[in-house]
Amino acid sequence: MGSMVDTKAVFRQIYGELKRELLQDPAFDFTPESRQWIDTMLDYNVPGGKLNRGLSVVDSFKLLKAGRDLTSDELFHSCALGWCIEWLQAYFLVLDDIMDNSHTRRGQPCWFRNPKVGLIATNDGIILRNHIPRILKRHFNDKPYYVDLLDLFNEVEFQTASGQLLDLITTHEGEKDLSKYTLPVYRRIVQYKTAYYSFYLPVACALLMSGGNLDNFVDVKNILVEMGTYFQVQDDFLDCFGDPEFIGKIGTDIEDFKCSWLVVQALERANDAQKTLLSENYGKTDPECVAKVKALYKDLSLEGVFADYESESYEKLIGSIEAQPSKEVQEVLKSFLHKIYKRQK
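Computed from a predicted structure; not experimentally measured.

Novice: Can you walk me through the nonpolar core in this structure?
Specialist: Inside soluble globular proteins, nonpolar side chains tend to come together where they are buried. Grouped together as the largest cluster of nonpolar side chains are 111 residues, with contacts concentrated most on Trp87, Met227, Tyr282 and Tyr297. When residues no more than four places from it in sequence are discounted, the contact partners of Tyr282 are Leu178, Tyr181, Asp253, Ile254, Phe257, Lys258, Ser260, Val263, Val293 and Tyr297.

Encoded structure:
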């Protein structure tokens, strides 16, 4: 655990180096104003979260190296890839917040809500996205896996954007007809919108750095995507039943008409009267309506349904992980599972 602390410190320090390089990119002749804008924009959007995705590239790479210490070069490169994922996430979130007309993100106003920013944020999103290949070109150009990295980031970006489309369309249809919210629809959204970039991408980066060919790790991809689904179900559960003090955010899935795991489970279990109650109260900002939905979730004992789902998923995942031939790969997968199992936030 002691080394974890300095890993995070080193990781943060490398953000500063990458930012400095991007602000001096010879491909663009910056004015002082444009350089300052990007500097501020990056600090506002990129390093603010928990950095789980980025740090897990470093952690996974260490485990693949069977725990031996990384050279400073390996540490730098694994951190740089970790930051590419954080940049990708920042790009998605900046644009998602505009699409969802959100107000806050990570405890501060969404970037586009800043008076001087507004819709310039759309272009900032595009710039964030374009920083990734700049970082990759500068630091990975000479690596044998360079093309594989470019392919990987492009493919995962495509999957995530397509998952976001599915989510936007589904929510729009769900507002007219809640019965559109089914488990297969839910799973598909979650896998594409969240699981690929949050769970598969960090491990895929570590595998490429350690000389692997991703074609040989299709089963690892499937396990990670399952884990990502499990993580999102937890997230949906905590949105409603978690302690806002503790999880650091106030859940609004009910108000926002989200295709949440809870509403999908409720629809599967509700009788006609309960379905009517859901239709009349789901997606309303009125606290009375929200309270009625939460009461229905309790009546349908969704907390117990979740507990069952959680232990069942865990057993299944452990089984799939232990079927992996490589001990190191097993360790990587278990480290992910243990980070998320029974978490409270």
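Novice: Hey, could you run me through the environment of Arg187 in this one?
Specialist: In this fold, Arg187 is placed in helix H7 (residues 183–209). Spatially, the C-alpha atom of Arg187 lies 25 Å from that of Pro244, the residues being 57 residues apart in sequence. When neighbours within four sequence positions are excluded, Arg187 is seen to be in contact with Glu226 and Thr229. Within the structure, Arg187 has its side chain in polar contact with the side chain of Glu226 (distance 2.4 Å).

Novice: How should I be thinking about the pattern of salt bridges in this particular structure?
Specialist: Opposite charge on two side chains permits pairing when their charged atoms draw close. A full pass over the atoms with the stated rule returns 17 salt bridges. Of the charged contacts, one joins Lys19 and Asp39 as a salt bridge, the two residues approaching to 2.7 Å between their closest N and O atoms. With Lys19 in helix H1 (residues 2–22) and Asp39 in helix H2 (residues 32–45), this residue pair connects regions lying 20 residues apart in the sequence. For Lys19, a relative accessible area of 13% translates into the label buried. Between Asp167 and Lys193 there is a salt bridge, with its nearest N and O atoms 2.8 Å apart.

Novice: Help me understand the packing of helix H4 (residues 72–99) against helix H6 (residues 146–176), please; the structure alone is not making it clear to me.
Specialist: Each pair of packed helices can be summarised by the angle the axes make with each other and by the distance between the axes. Running from amino to carboxyl end, H4 crosses H6 at an angle of 25°, the nearest separation of the two axes being 12 Å. Between H4 and H6, the crossing angle belongs to the class labelled roughly parallel. Considering how the two elements wind past one another, H4 and H6 form a crossing that is right-handed. Across from Leu81, Cys84, Ile85, Leu88, Tyr91, Phe92, Asp96 and Met99 in H4, the residues of H6 making contact are Leu149, Phe153, Glu157, Thr160, Gln164 and Leu168.

Novice: Sorry, what's going on with the packing of aromatic side chains here?
Specialist: Geometry of an aromatic ring pair is reported as the spacing of the ring centres plus the angle between the planes. Per the counting criterion, the structure on display carries 22 aromatic pairs. An angle of 10° between the planes, with centres 4.3 Å apart, marks the rings of Phe11 and Trp83 as stacked. Of this pair, Phe11 sits in helix H1 while Trp83 is found in helix H4, placing the two residues 72 residues apart along the sequence. Per residue, the accessibility class of Phe11 equals that of Trp83, and both read buried. Relative to Tyr341, the ring of Tyr230 lies with its centre 6.5 Å away and its plane at 20°, an arrangement referred to as stacked. You can see Tyr230 sitting in helix H8 (residues 218–241) and its partner Tyr341 sitting in the segment after helix H14 (327–340), a full 111 residues away along the chain. We classify Tyr230 as buried; its relative accessible area is 1%. A residue is classified by how much of its surface remains accessible, and Tyr341, at 21% relative accessible area, is partly exposed.

Novice: Explain the packing of helix H3 (residues 52–64) against H4 to me, please; I cannot follow it from the model alone.
Specialist: Between H3 and H4, the least distance of the axes is 7 Å, while the angle of their chain directions is 150°. When the interaxial angle is binned, H3 and H4 end up roughly antiparallel. Every pair of crossing elements has a handedness; the one defined by H3 and H4 is right-handed. Of the residues in H4, those in contact with Asn52, Arg53, Gly54, Val57, Val58 and Phe61 of H3 are Glu74, Leu75, Ser78, Cys79, Leu81, Gly82, Ile85, Glu86 and Gln89. In terms of residue class, the contact of H3 with H4 is made up of 7 nonpolar, 5 polar and 3 charged.

Novice: Would you explain helix H12 (residues 287–299) in this entry?
Specialist: Three or four residues apart is the spacing at which side chains of an α-helix point the same way, because the helix has 3.6 residues per turn. The terminal C-alpha atoms of H12, which comprises 13 residues, lie 18 Å apart, in line with the 18 Å expected from a rise of 1.5 Å per residue. Within the sequence span of H12, burial applies to Cys289, Val290, Val293, Leu296 and Tyr297. Taken around the axis of H12, the buried residues stretch over an arc of 120°, which confines them to a single face. In H12, those exposed residues whose orientation departs by more than 90 degrees from the buried face are Pro287, Glu288 and Asp299. Where H12 is buried, its residues contact H8, helix H10 (261–269), helix H11 (272–281) and helix H13 (302–322). For H12, the side-chain oxygen to backbone nitrogen distance between the N-cap and Glu288 is 2.9 Å, and the N-cap itself is Asp286.

Novice: So what exactly am I meant to see when it comes to the side chain of Gln191 here?
Specialist: Summarising the element assignment, Gln191 is placed in helix H7. Every residue in contact with Gln191, bar those within four places of it in the chain, is listed here: Tyr196, Val225, Glu226 and Thr229.

Rules behind the numbers
Residues numbered from 1 in each chain as written. Predicted model: local features only at pLDDT ≥ 70, side-chain atom pairs only at ≥ 80, totals over all residues. Heavy atoms only, no water. Core = buried A, V, L, I, M, F, W, Y, C linked by side-chain atoms within 4.5 Å. Buried < 20%, exposed > 50% of the residue type's maximum accessible area, 1.4 Å probe, protein only. Contact = heavy atoms within 4.5 Å. Helix = DSSP H or I, 4+ residues; strand = E, 2+ residues; numbered from the N terminus. Polar contact = N/O pair within 3.5 Å; in protein donor to acceptor, adjacent residues only side chain to side chain. Salt bridge = Lys/Arg side-chain N within 4 Å of Asp/Glu carboxyl O. Axes fitted to C-alpha atoms, helices over the stretch in contact; angles between N-to-C directions. Parallel < 35°, antiparallel > 145°, perpendicular 65-115°, else oblique. Left-handed = near helix turned anticlockwise from the far one by under 90°. Phe/Tyr/Trp six-rings, centres within 6.5 Å; stacked < 30°, edge-to-face > 60°. Nonpolar A, V, L, I, M, F, W, Y, C, P; charged D, E, K, R; others polar. Expected span 1.5 Å × (residues − 1). Arc of directions from axis to C-beta.

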